[in-house]
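Topology and contacts: notes
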Amino acid sequence: MIRLENIVVKFGDFTALRNISVHVREGEFFTFLGPSGCGKTTTLRTLTGFLQPAQGRVLVKGRDVTHVPIEERGIGIVFQSYALFPTMTVYDNIAFGLKVRKLKKAEIDRKVRAMAEKVELTPEQLKKAVAQLSGGQQQRVAIARALVTDPAIICLDEPLSNLDAKLRVQLRQELKQMQREFGITSIYVTHDQEEALTLSDRIAVFNKGVIEQIGTPNEIYNHSATEFVCNFIGDINPLSGPLLDRLRAAAPSLSPKEHGYLRLERIHVNAPETAGAVTVEGVVEAEEYYGLYIKYTVRVGEQRLKVVEKNDGSRLFAPGEAVTLSLRPADLMRYGGEGGGTP
């Protein structure tokens, strides 16, 4: 459906993207994820036509669109700021692209009202100026405007970043549901790891103008290809000192030069004895209560480990309490000096 082939983007002497290659399948929800300044938005702008690459090609449905104007690429765009016309009505904002295409008034009206219904905007809201709407409602308007022209692809650049946390969670669920209903190929840009993991079919993790890994949320989280991805996605425990030595002794295949990491949920507090597990004594230093789960910080020798335990309501461990931690060498995410991983 979409192919980026060896894309290089430069701003003067600065190389913003280095040999970016991505294949997005039809109907897929594909996310560009990474920290600020990593190249994800630059890649999106290259795909949509706002930027011209110094090298490489952009293909949509097998057609080379590298030098095709933005408006001829068949791509809908939802910007981080929504880029709506604040003094125009919601109706006119959604209808804007259709009017540019010079559709008949009756056809425009039919399409606008049908799309508004799909994104849960009422007939009364269509009459209002965009400035009168809440942030969540404005986001729906931006999505409706992008979808009403029936694009083959929709690109969304951090569309939820301006919303409060509760509304962000609600709207990302609605966004995923809409994407499934429309069956439209979607490219989503975000720095939010939770957003990427919950929304995406596949994720490309960017770092300093290159892609570190492309994979499903499960592959990215549980089988991080590089040390950067391992540290960037979710929370992680870097292991060191005597604790790492204990695990090396239990797993002879672990090289002395490799770095070892453990996800928080892979460590268990006062768990029944398990074959192959290494147990260590520690003291609870802090406890964070989240309802569904509890996060503990446990001191083991000179090292602090973060542990997540499912909250079944039966037991809480208080700061100062001695506990036994259970760790399995098989759960180690391992990375050598060249950045290769054996997660």
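Residues numbered from 1 in each chain as written. Predicted model: local features only at pLDDT ≥ 70, side-chain atom pairs only at ≥ 80, totals over all residues. Heavy atoms only, no water.

A separate point is the sheet that holds strand 12 (residues 259-263). Ordered by their spatial adjacency, 3 strands build an open sheet running 11-12-18, and the pairing between neighbours is antiparallel. Each edge of the sheet is formed by a strand with only one pairing partner; in this case those strands are strand 11 (236-239) and strand 18 (333-335). Each neighbouring strand pair of the sheet contributes to a mean axis angle of 25°, computed without reference to strand direction. (Pairing = 2+ DSSP bridges. Helix = DSSP H or I, 4+ residues; strand = E, 2+ residues; numbered from the N terminus. Axes fitted to C-alpha atoms, helices over the stretch in contact; angles between N-to-C directions.)

This brings us to the state of the cysteines. Considering all chains together, one arrives at 0 disulfides under this definition. Between Cys38, a free cysteine, and Cys155, which holds the nearest cysteine sulfur, the sulfur-to-sulfur gap is 16 Å. A disulfide-free cysteine, Cys230 has its sulfur positioned 18 Å from the sulfur of Cys38, the nearest such atom. (Disulfide = S-S within 2.5 Å.)

An order of 2-1-4-5 is seen for the 4 strands of this open sheet, with the pairing classed as antiparallel. At either end of the open sheet lies a strand with only one pairing partner, and these are strand 2 (14-24) and strand 5 (63-64). In terms of strand pairing, strand 1 (residues 2-11) meets strand 2 through 7 bridges, oriented antiparallel. Counterpart to Val9 in the pairing with strand 2 is Leu17. Packing of helix 1 (residues 40-48) onto the sheet brings it into contact with strand 1, strand 2 and strand 4 (55-60), and relative to strand 1 it is tilted by some 115°. (Contact = heavy atoms within 4.5 Å.)

Next up on the list: the packing of helix 2 (residues 90-100) against helix 3 (residues 105-118). It is at 10 Å that the axes of helix 2 and helix 3 come closest, and there the two elements cross at 130°. By the angle between their axes, helix 2 is oblique relative to helix 3. Both helix 2 and helix 3 take part in a crossing whose hand is right-handed. Contact with helix 2, carried on its side by Tyr91, Ile94, Ala95, Leu98 and Lys99, involves Ile108, Asp109, Lys111, Val112 and Arg113 of helix 3 and no other residues of that element. Among the residues making up the contact of helix 2 with helix 3, the classes are represented as 6 nonpolar, no polar and 4 charged. (Parallel < 35°, antiparallel > 145°, perpendicular 65-115°, else oblique. Left-handed = near helix turned anticlockwise from the far one by under 90°. Nonpolar A, V, L, I, M, F, W, Y, C, P; charged D, E, K, R; others polar.)

Here the focus is unusual backbone geometry. In this structure, Glu120 takes a positive phi of about 65° despite not being glycine. Take Glu120: it is sitting in the loop between helix 3 and helix 4 (123-126). Given the relative accessible area of 58%, Glu120 is considered exposed. The backbone of Lys208 shows a phi angle near 50°, a positive value even though the residue is not glycine. By the secondary structure assignment, Lys208 is in the loop between strand 9 (202-207) and strand 10 (210-215). Classification of Lys208 as exposed rests on a relative accessible area of 66%. (Buried < 20%, exposed > 50% of the residue type's maximum accessible area, 1.4 Å probe, protein only.)

The next subject is the pattern of salt bridges. Between side chains of opposite charge, a pair can form when the charged atoms approach closely. The full count for this structure, using the stated rule, is 19 salt bridges. A salt bridge links Glu321 to Arg315; its shortest N-O distance comes to 2.3 Å. The class for Glu321 is partly exposed, based on a relative accessible area of 22%. A cluster of three or more residues bridged by salt bridges with shared partners is formed by Glu5, Arg57 and Asp64. (Salt bridge = Lys/Arg side-chain N within 4 Å of Asp/Glu carboxyl O.)

Spacing of three or four residues puts side chains on the same side of an α-helix, whose turn is 3.6 residues. Between its terminal C-alpha atoms helix 6 (residues 165-182) stretches 26 Å, which fits the 26 Å expected from 18 residues at 1.5 Å a residue. Residues of helix 6 that are buried include every one of Leu171, Arg172, Glu174, Leu175, Lys176, Met178 and Gln179, and no others. Those residues of helix 6 that are buried lie in contact with strand 3 (29-33), helix 3, helix 5 (135-147), strand 7 (153-157), strand 8 (185-190) and helix 7 (193-199). (Expected span 1.5 Å × (residues − 1).)

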